[in-house]
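# Descriptive structure summary
The chain contents come next:
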Amino acid sequence: MKIVIKLSPEITIKSRAIRIFFIKILITNIKTILKKNNESASIIRNWDYLEVICNHNKYQKICAILINIPGIHHLLLIKKHMFRSLQDIYEKIILSLNYEIQLSGKSFCVRVKRCGKHNFTSQEVEHYLGNKLCQNIGNIRVNLTKPEKTIYLEIKDNQLFIIIKRYEGLGGFPIGTQQEMLSLISGGFDSAVASYMLIRRGCKVNYCFFNLGGDMHTVEVCRVIYFLWNKFSSSHKIKFISIDFSEVIKEIVAKIKDNQIGVVLKRMMIRSASLVANRYKITALITGEVLGQVSSQTLSNLTLIDNVSDHVIFRPLISYDKEKIINLARKIGTEILSKSVPEYCGIISKKSTAKTTKQLIEFEENNFDFTVLNRAVSQSYVIDVQNIPDQIINQHVFQVETKKILDSTDVVLDIRTEIEQEKNPLYLNNIEIKKIPFYNLIDQFSKLDPNKIYLLYCDHGIMSRLQVMYLHRQGFCNVKVYRPPR
């Protein structure tokens, strides 16, 4: 028994030189990944397929690894025989597979692919074997349109390949056949799926993460990144670049009008990612943006966002809807990880205009201190994605204490923006409330009475959690999150 790897059709239509180049890279990727999984196998290269020879008890495990390697269209688990006649073919499949049990009471059909010189056609083989099986196995019937069981055979000269099982692969191109890219990943459905789609196209995808939610946000995003690397691209070393954007957010909220924050925030992220890409000689960026999904993703706003970078920006999901994206996330396995990651950008920029102008955006950005952005990028840290479990995920994550029922001695800090506070004032009976927008909290918290307990409040509980974690790192332990009961 052996595994036959069928190449992606896009590889087989390449010129001879490119085809050979792509196949060599695919073989190298397969060997690297098998070695990482402590598996050994021999790989034999043929013109239009690869053969994998391994221990009999390893076939299922190796197939499970191979189906997630870009460049592989499908796998065939096969038994190979030599034959002399159609009767010999029939006897070989009866000996190889227990069809009497598998076909009993079911409909079936036989599918044959043939190449070489023979005195019969593929259709004649199908008819012959179908009739023989019906004659010798009771309670079965042929169904050529929707059979319950399909018997796949390939005939090449005097060799018979009986296909035990077929596994669908990813298709696409082997990683390394296309250039490196940098994905702006938030950990949500969109950016994770967009990253996967470019991995599948043969790109070595590195990740740029803008930390808006503290340690927990980092851990949640790293789980997504490590999953994508481990499942689809572990043949290569991938960079994870993390940029603390808390000071940038503070500067944006303090200096930029509310309806322009969404576009300005995205422009700052693209600027930062471009600086990182230049540092590592990466020529293209990836985002998970979808046309019209939110106000900052209208065509006019996306054009303004693109204008701050000389890099090509790939948006593979640009025409998708959310349902299709989530279905694809479910298929590749990131849905369960992404669903727990809050949309921090959406929380920060709630009322973004759907159509701004270059003049207005540039006028707003004139108020922004770009040394804050440059400092955030210069202080970014980089690790190898394969080291994420040890350096990020397995580290102790601070658990934020949340309180629903208040005591009379508690002080609630409303850290929402002034506009949010005015639109939806917070009323609490006999509880002291102080209004300190989150972008001023770090500067003002040290001036508060250290003998009191302070509970931070925001609409969704996300920004308050972020600020609590930051204050704890600064040594302030008298702070919790206030989440009123629903």
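What you are looking at is a predicted structure, and each value in this text was computed from that prediction instead of being measured.

One can find Asn-158 in the loop between β7 (149-156) and β8 (159-168). Owing to a relative accessible area of 38%, Asn-158 belongs among the partly exposed residues under this scheme. Apart from residues lying up to four places away in sequence, Asn-158 is in contact with His-81, Met-82 and Phe-83.

Now for the sheet that holds strand β13 (residues 312-314). One open sheet holds the six strands; their spatial order is β13-β12-β9-β10-β11-β14, and the pairing between them is mixed. The outermost strands of the open sheet, each flanked by one partner alone, are β13 and β14 (381-384). For this sheet, the mean angle separating the axes of adjacent strands, direction not counted, is 25°. Its contacts with the sheet put helix α10 (residues 261-279) on β9 (180-184), β10 (204-211), β11 (239-244), β12 (284-286) and β13, and the angle it makes with β9 is roughly 150°.

Pairing in this open sheet of five strands is parallel, and the strands run β15-β19-β18-β16-β17 from one edge to the other. On the outer flanks of this sheet lie β15 (402-403) and β17 (432-435), each paired with one strand and no other. For β15 and strand β19 (residues 479-482), the ladder comprises two bridges, and the chain directions are parallel. Looking at β19, one finds that Lys-403 is bridged to Tyr-482.

Attention now moves to the UniProt feature "binding site: ATP" (unreviewed entry) in the protein. Residues annotated in UniProt with the feature "binding site: ATP" (unreviewed entry) correspond here to Leu-184, Ile-185, Lys-266, Gly-288 and Gln-297. Inspection of the secondary structure puts Leu-184 in strand β9. Once residues within four sequence positions are removed from consideration, Leu-184 is found in contact with Ser-191, Cys-208, Phe-210, Met-269, Ile-270, Ala-273, Leu-285, Ile-286 and Thr-287. Checked against the element boundaries, Lys-266 lands in helix α10.

Our next topic: the pattern of salt bridges. For side chains bearing opposite charge, pairing can occur when the charged atoms are close. Taken as a whole and assessed by the stated rule, the structure comprises 23 salt bridges. Where Arg-166 meets Glu-168, a salt bridge forms, and the shortest distance between an N and an O atom there is 2.6 Å. Residue classification places Arg-166 among the partly exposed positions, given a relative accessible area of 39%. Using a relative accessible area of 49% as the deciding quantity, one classes Glu-168 as partly exposed.

Here the focus is the packing of aromatic side chains. By the definition in use, this model includes eleven aromatic pairs. The interplanar angle of 40° and the centroid separation of 5.6 Å between the aromatic rings of Tyr-226 and Trp-229 together place this pair among those described as tilted. Taken together, the residues Tyr-226 and Trp-229, both in helix α8 (residues 214-232) and three residues apart, mark about one turn of the helix. Since its relative accessible area comes to 23%, Tyr-226 is described here as partly exposed. The exposure class assigned to Trp-229 is buried, which follows from its relative accessible area of 5%. Through pairs of rings, three or more aromatic residues link up here, namely Phe-21, Phe-22 and Phe-173. Here Lys-132 stacks its cationic end above the ring of Tyr-90, 5.1 Å away from the centre of that ring. In this structure, Lys-324 is placed above the aromatic ring of Tyr-320, and the distance from its NZ or CZ to the ring centre is 4.3 Å.

Time to look at helix α15 (residues 358-365). Ile-361, Glu-364 and Glu-365 are the residues of α15 that are buried. Buried positions in α15, seen along its axis, are confined to an arc of 100° and lie on one side of it. For α15, the exposed residues lying more than 90 degrees away from the buried face are Gln-359 and Phe-363. Contact partners of the buried residues in α15: α9 (246-255), α10, α11 (299-306) and α16 (370-378).

Moving on to the pairing of strand β1 (residues 2-7). For β1, a buried count of six out of six residues is recorded, marking the element as mostly surrounded by other parts of the structure. The alternating pattern of β1 places Lys-2, Val-4 and Lys-6 on one face and Ile-3, Ile-5 and Leu-7 on the opposite face, and all of these are buried. Bridge count between β1 and strand β4 (residues 72-82): six bridges; the pairing is antiparallel. The residue bridging Ile-3 from the neighbouring strand is Leu-77, located in β4. Where β1 meets strand β3 (residues 49-53), four bridges bridge the pair, whose relative direction is antiparallel.

Looking now at unusual backbone geometry. For Asp-157, which is not a glycine, the phi torsion comes out positive at approximately 55°. With respect to the helices and strands, the residue Asp-157 is situated in the loop between β7 and β8. For Asn-430, which is not a glycine, the phi torsion comes out positive at approximately 60°. Summarising the element assignment, Asn-430 is placed in the loop between α18 (418-423) and β17.

Further remarks concern the nonpolar core. Ranked by internal contacts, the top residues of the largest apolar core, which has 56 residues, are Leu-182, Ile-243, Phe-245, Ile-252 and Leu-413. The leading source of residues in this core is α10, at ten residues. Contact partners of Leu-182, with chain neighbours within four places excluded, come to Asn-206, Tyr-207, Cys-208, Ile-241, Ala-273, Val-276, Ala-277, Ile-282, Ala-284, Leu-285 and Ile-286. Of all hydrophobic cores here, the second largest spans 39 residues; its members include Met-197, Phe-209, Phe-232 and Ile-332.

Analysis parameters
Residues numbered from 1 in each chain as written. Predicted model: local features only at pLDDT ≥ 70, side-chain atom pairs only at ≥ 80, totals over all residues. Heavy atoms only, no water. Helix = DSSP H or I, 4+ residues; strand = E, 2+ residues; numbered from the N terminus. Buried < 20%, exposed > 50% of the residue type's maximum accessible area, 1.4 Å probe, protein only. Contact = heavy atoms within 4.5 Å. Pairing = 2+ DSSP bridges. Axes fitted to C-alpha atoms, helices over the stretch in contact; angles between N-to-C directions. UniProt positions renumbered as here; feature names shortened; annotations may be inferred. Salt bridge = Lys/Arg side-chain N within 4 Å of Asp/Glu carboxyl O. Phe/Tyr/Trp six-rings, centres within 6.5 Å; stacked < 30°, edge-to-face > 60°. Lys NZ or Arg CZ within 6 Å of the ring centre and 35° of its normal. Arc of directions from axis to C-beta. Core = buried A, V, L, I, M, F, W, Y, C linked by side-chain atoms within 4.5 Å.

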